Amino acid sequence: DCIFAGGALAGGPQAQPSSCDQTMPPSAARAVAEHALAPPAVGLAGRLVGGAVMSSFMFGYSICVLNSCGELISVNFEWCGNDWQSDCIASRGSQGLINASVYLGAALGALLSGRSWFHALGSRTQLVLSDVYFAAGAVICALSQGVGTLIVGRFASGLGLGISAIATPMFVAEISPRERRGSNCAMHGVFITLGILASIAFGIPQSPPPSGPGETLAGLDVWYWRGLLGFPLIVSVIQALFFFFVCPVDPPSLLVARGEMKMARSVLYRTYGMEVPEKMDLNNKGQAALEFQLRDLKEAVDTAKTIPRIRVIQAMCDPFLRTAVFLGIGLAAFQQLCGINGLMAYSNSLFADAGIKPSLLTLASTLMASANVLASIFSSRLVDHWGRRKLLLFGAFCQTVAMALVTFFIDDRAKAMMPPGTSGPAAVVCFTIFVMSFSFGLGAVTWLYLSEIYPIEIRGPSLSACGVVNWLASFIVVFGTRFLTLQSACHVFGMVCFVGLLGTYVWVIETKGCSMDDSPLTPKSGRGSSPLLTPNSPNIPYKKMLDEEEESEEEFSLEGAATAAGGVAARR
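The structure presented is a predicted model; accordingly, all values stated were derived computationally and were not measured.

S.K.: What's the story with the overall build of the chain in this structure? I'm lost.
M.R.: Along the chain, the regular secondary structure elements total 24 helices and 2 strands. Buried residues in the chain amount to 57% of all 572 residues. For the chain, the share of sequence-separated contacts (at least 6 apart) that also reach a separation of at least 24 residues comes to 78%. As presented, the chain carries roughly 23,300 Å² of accessible surface, and 64% of it is formed by carbon and sulfur atoms.

And the structure:
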């Protein structure tokens, strides 16, 4: 393994410099390594990201698949006591439970993701495990014979959803080159929107539910919903085969944690479109930059191993970590309490309340979902340019305005001033703006931001806690929205968006371009103030420790330069 004079480079103190072209003092080496690499847009990392976001597709598909077929299922099983009615208290309760049960399963899956033994499996293995639950849920739902089996199937799919919702952005963030992490992580949101679009568009062949006695279900309306609910089986099998046989590659951080340094170096170089050279040349800026990345990973992993497992409740009491923990939980809750999943899950019903004709409901929802995809694609290109904070603020502001406009357009006094038949389309346009704004902000940024603000010691448990909060908030929103009128839903979610906008402005700090192990909320220079992260020397300022380490490394490198013929001059 290569070393810079004065310390091992990702190889531990026993590493020798014989395999390197030369050594140099840490300050000079770091200057050389500050080099802007240009990783390929399509390569190993691109393929792995493409495989991972299949889970994102199933995420979006699962939360909206009942939008177009829920009422037909109600008629099929006669939840209202006859063979034509789809809207009654019993039907709303059953649809609400079936729709929301996926979020209860997701909360349990997120809780499972926080266990240390589960976290040790690695994000790739977690994605494969989530495929098992997605496949099981799809089969149970497709073969269901009533409310009970539908709830069980949706709960099983929720387990996969809860696991993959954390594992997917984590895997993408860990496998992506730093220069492409933002845009790659935004693909998680893009493919969620593609899943939403597919779940709604696939429902277009179905007819509206019967509108009165004498009308009954016929043709594909009797069975088509089973195919819709069973479709994730195909996607989950493809993803499992991809990660097990086609591209079984783990992120460098996991390989470093397992002690597989040679493999970690190989994967890191390949994600940048480079091969590991037989002889390291640390004057090569690209090699130096990648070796420093590997060294940073090694140091982070070694530091984490010396610290006992930290629980989220402990981190909440730690003066250094509590801000990041509470901010992450608040942002995770805001992402769902803004109402996005409730509005998407019942968009057909809400559009009907706004005055859209029954035959056009699914088409209107499909157009809204299509605009959502376009917004997600566009936002993926902005996340590394605008930054996380600006996108969150922009999205929350536009969501608040959109809800206010919907409230205006559906008000009876406003309808009297508008041409007949225009309030419904106007409400659909405002809903579309709301959904697109979510894709620009909370949808594209939330989980990327959460993966960046936590140090490695608490990243797993904290993301798990955020996932549990996120899914419980989803359950409340999706179950409760089924019993809200369009106007009351706009009032509630508009107020939540406004409060979230203020909170984002006050507490969210920009993380664009920051290392995952040195975010502005939890900088390395502040770790000395954390009793949990520096248990052996809680009273020694971390900056002083770094200064002493740098001085000792410089002394060592000066000795090496003085004794080695042709050595590299070391100067402060």
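Next comes the rest of the account.
S.K.: How should the packing of aromatic side chains be read in this particular structure?
M.R.: Geometrically, a pair of aromatic rings is defined through the distance of the ring centres and the angle of the planes. Summed over the entire model, instances satisfying the criterion amount to 21 aromatic pairs. Geometrically, the ring pair formed by Phe57 and Tyr61 is stacked, given 6.3 Å between the ring centres and 20° between the ring planes. Taken as a pair, Phe57 and Tyr61 lie in helix H2 (residues 44-64) at a separation of 4 residues, close to a single helical turn. Of the two residues, Phe57 and Tyr61, neither departs from the other in class, the shared state being buried. With a centroid separation of 6.0 Å and an interplanar angle of 5°, the aromatic rings of Phe475 and Phe479 are classed as stacked. In this pair, Phe475 and Phe479 both sit in helix H22 (residues 456-481), 4 residues apart, roughly one turn of the helix. Residue classification places Phe479 among the partly exposed positions, given a relative accessible area of 28%. Joined through ring pairs, the aromatic side chains of Phe57, Tyr61, Phe202 and Phe231 make up one cluster.

S.K.: What is the right way to look at the state of the cysteines in this model?
M.R.: Where two cysteines share a covalent bond between their sulfur atoms, that bond is called a disulfide. Under the counting rule described, the total for this entry stands at 1 disulfide. Disulfide pairing places Cys80 opposite Cys88 at an S-S distance of 2.1 Å. Its S-S torsion of about -100° marks the bond between Cys80 and Cys88 as left-handed, since a negative value means left-handed. Cys88 matches Cys80 in its accessibility class, with the two residues each being buried. No disulfide involves Cys69; its nearest neighbouring cysteine sulfur is the one of Cys141, lying 9.8 Å away.

S.K.: For this particular structure, what's the right way to read the nonpolar core?
M.R.: As a rule of thumb, soluble globular proteins bury nonpolar side chains together. Of all hydrophobic cores here, the largest spans 144 residues; its most connected members are Phe431, Leu450, Tyr454 and Trp471. Excluding its chain neighbours within four sequence positions, the residues that come into contact with Trp471 are Phe59, Tyr103, Ala106, Ala107, Ala110, Leu161, Gly162 and Ala165.

S.K.: Is there a simple way to think about unusual backbone geometry in this case?
M.R.: Leave glycine aside and you will find that most residues have negative phi; peptide bonds, for their part, are mostly trans. If you check the backbone angles, Glu78 has positive phi at about 55° while not being a glycine. By the secondary structure assignment, Glu78 is in the loop between helix H3 (66-76) and helix H4 (89-113). Taking the relative accessible area as the measure of exposure, Glu78 reaches 42% and is therefore partly exposed.

S.K.: Help me out: how do you make sense of a nonpolar patch on the surface in this one?
M.R.: Residues Val139, Leu143, Leu233, Val237, Leu241, Phe244, Phe245 and Val246 make up a contiguous nonpolar surface patch of about 790 Å² in total accessible area. Top element by residues in the nonpolar patch is helix H10 (residues 232-246). It accounts for 6 residues. Mapped onto the elements of the fold, Val246 is located in helix H10.

S.K.: Teacher, can you tell me more about helix H13 (residues 285-305) here?
M.R.: Since there are 3.6 residues in each turn of an α-helix, residues three or four apart along the chain are aligned in direction. The terminal C-alpha atoms of H13 lie 30 Å apart, and with 21 residues this matches the ideal 30 Å at 1.5 Å per residue to within 8%. Among the 21 residues in H13, 15 count as buried, and that is most of the element.

S.K.: How should I be thinking about the pattern of salt bridges in this particular structure?
M.R.: For side chains bearing opposite charge, pairing can occur when the charged atoms are close. One pass over the full model with this rule turns up 9 salt bridges. Arg92 is the salt-bridge partner of Asp87, the closest N and O atoms lying 2.8 Å from each other. Exposure remark for Asp87: the relative accessible area of 39% places this residue in the partly exposed category. The partner of Glu299 in a salt bridge is Arg295, and the shortest N-O contact between them spans 3.1 Å. Placement of both Glu299 and Arg295 in helix H13 is noted, with a separation of 4 residues, approximately one turn of the helix. Since its relative accessible area comes to 32%, Glu299 is described here as partly exposed. For Arg295, a relative accessible area of 9% puts it in the buried group.

S.K.: Which parts of the structure should I look at to understand the packing of helix H8 (residues 181-201) against helix H21 (residues 423-453)?
M.R.: The axes of two packed helices give the description: the angle between them and the distance between them. Direction vectors running N to C along H8 and H21 enclose 130°, while the axes themselves pass 9 Å from each other. As the angle between them shows, H8 and H21 are arranged oblique. Considering only the axes of H8 and H21, their crossing is right-handed. Contacts from Arg181, Gly182, Cys185, Ala186, Gly189 and Thr193 of H8 reach H21 at Ser439, Gly443, Ala444, Leu448 and Glu452.

S.K.: Just to check I follow, could you spell out the side chain of Arg154 for this structure?
M.R.: Here Arg154 lies in helix H7 (residues 147-175). No salt bridge forms around the buried Arg154; measuring N to O, its nearest opposite-charge neighbour Glu71 is 15 Å away. When residues no more than four places from it in sequence are discounted, the contact partners of Arg154 are Ser62, Val65, Leu66, Ile98, Asn99, Ser101, Val102 and Cys141.

S.K.: Would you mind showing me how to read the side chain of Gln287 here?
M.R.: For Gln287, the location among the structural elements is in helix H13. Residue classification places Gln287 among the buried positions, given a relative accessible area of 9%. Those residues in contact with Gln287 that lie beyond four places of it in its chain are Tyr269, Met274, Pro277, Lys279, Met280 and Asp281.

S.K.: Looking at this structure, how should I read the packing of H3 against H4?
M.R.: Two elements in contact, H3 and H4, have axes whose closest approach is 10 Å; the angle formed by their N-to-C orientations is 135°. Considered as vectors, H3 and H4 are oriented oblique to each other. Where H3 crosses over H4, the two elements pack in a sense that is right-handed. Where H3 approaches H4, its residues Leu66, Gly70, Glu71 and Ser74 are matched on the opposing element by Ser91, Gln95, Ile98 and Asn99.

S.K.: How should I be thinking about the environment of Leu448 in this particular structure?
M.R.: Within the element layout of this structure, Leu448 appears in helix H21. Residues Leu448 and His188, spaced 260 residues apart in sequence, show a C-alpha to C-alpha distance of 9.2 Å. What Leu448 contacts, discounting residues up to four positions off in sequence, is Arg181, Gly182, Cys185, Val383 and Arg388.

S.K.: Can you help me understand the environment of Val496 in this one?
M.R.: Tracing the sequence through the fold places Val496 in helix H23 (residues 486-507). A residue is classified by how much of its surface remains accessible, and Val496, at 25% relative accessible area, is partly exposed. In this structure the C-alpha to C-alpha distance between Val496 and Ala396, which are 100 residues apart in sequence, comes to 9.6 Å. If we skip the residues at most four places from it in the chain, Val496 touches Phe334, Leu337 and Cys338.

S.K.: Can you help me understand the confidence of the model for the chain in this one?
M.R.: Interpretation of the predicted coordinates at a detailed level should be avoided for regions scoring low in pLDDT. When pLDDT is averaged along the chain, the result is 83; 85% of the residues meet or exceed 70. Confidence drops under pLDDT 50 across residues 27-34; counting only partners more than four residues distant or on other chains, this segment forms 14 contacts. Scored below 50 in pLDDT, residues 537-550 shows 9 contacts in the model against residues more than four places distant or in partner chains.

Cut-offs used in this document
- The numbers attached to residues start from 1 for each chain and follow its sequence in the written order.
- Totals for whole chains, interfaces and linings use all residues, but because this is a predicted model, local features are given only for residues with pLDDT of at least 70 and pairs of side-chain atoms are given and counted only at 80 or more.
- Note that the side-chain values use all heavy atoms of the structure and ignore hydrogens as well as water.
- Secondary structure elements follow DSSP: runs of H or I of four or more residues count as helices, runs of E of two or more count as strands, with numbering from the N terminus.
- For the exposure calls, accessible area comes from a 1.4 Å probe over protein chains only, and a residue counts as buried if that area is under 20% of its type's maximum, exposed if over 50%, partly exposed in between.
- Contacts are residue-level and defined by heavy atoms, with any inter-residue pair within 4.5 Å sufficient.
- A 1.4 Å probe and the Shrake-Rupley method give the accessible areas. Residues count as covered only by the protein chains that appear here.
- Between the rings of Phe, Tyr and Trp (Trp by its six-membered ring), a pair exists once the centres lie within 6.5 Å; its type follows the angle of the planes, with under 30 degrees stacked, over 60 edge-to-face, and the other angles tilted.
- Disulfides are defined in this document as cysteine sulfur pairs within 2.5 Å.
- Buried Ala, Val, Leu, Ile, Met, Phe, Trp, Tyr and Cys residues form a nonpolar core when they are joined through side-chain atoms within 4.5 Å.
- Two distance rules govern patches: like charges are joined within 9 Å, and nonpolar side chains (Val, Leu, Ile, Met, Phe, Trp, Tyr) within 5 Å, applied only to residues with over 30% relative accessible area and no salt bridge.
- Whenever a carboxyl oxygen of Asp or Glu lies within 4 Å of a side-chain nitrogen of Lys or Arg, that contact is scored as a salt bridge.
- A helix is expected to span 1.5 Å multiplied by its residue count minus one.
- Where helices are involved, their axes are fitted lines through C-alpha atoms of the stretch in contact, as for all axes, and angles between N-to-C directions lie from 0 to 180°.
- Put simply, angles under 35 degrees are roughly parallel, angles over 145 are roughly antiparallel, angles from 65 to 115 are roughly perpendicular, and the rest are oblique.
- Crossing handedness follows the turn of the near helix against the far one: under a right angle anticlockwise gives a left-handed crossing, and clockwise gives a right-handed one.
- In this charge count, Lys and Arg are treated as positive and Asp and Glu as negative; neither His nor the chain ends contribute.
- Residue-level confidence of the predictor, termed pLDDT, takes values from 0 up to 100.

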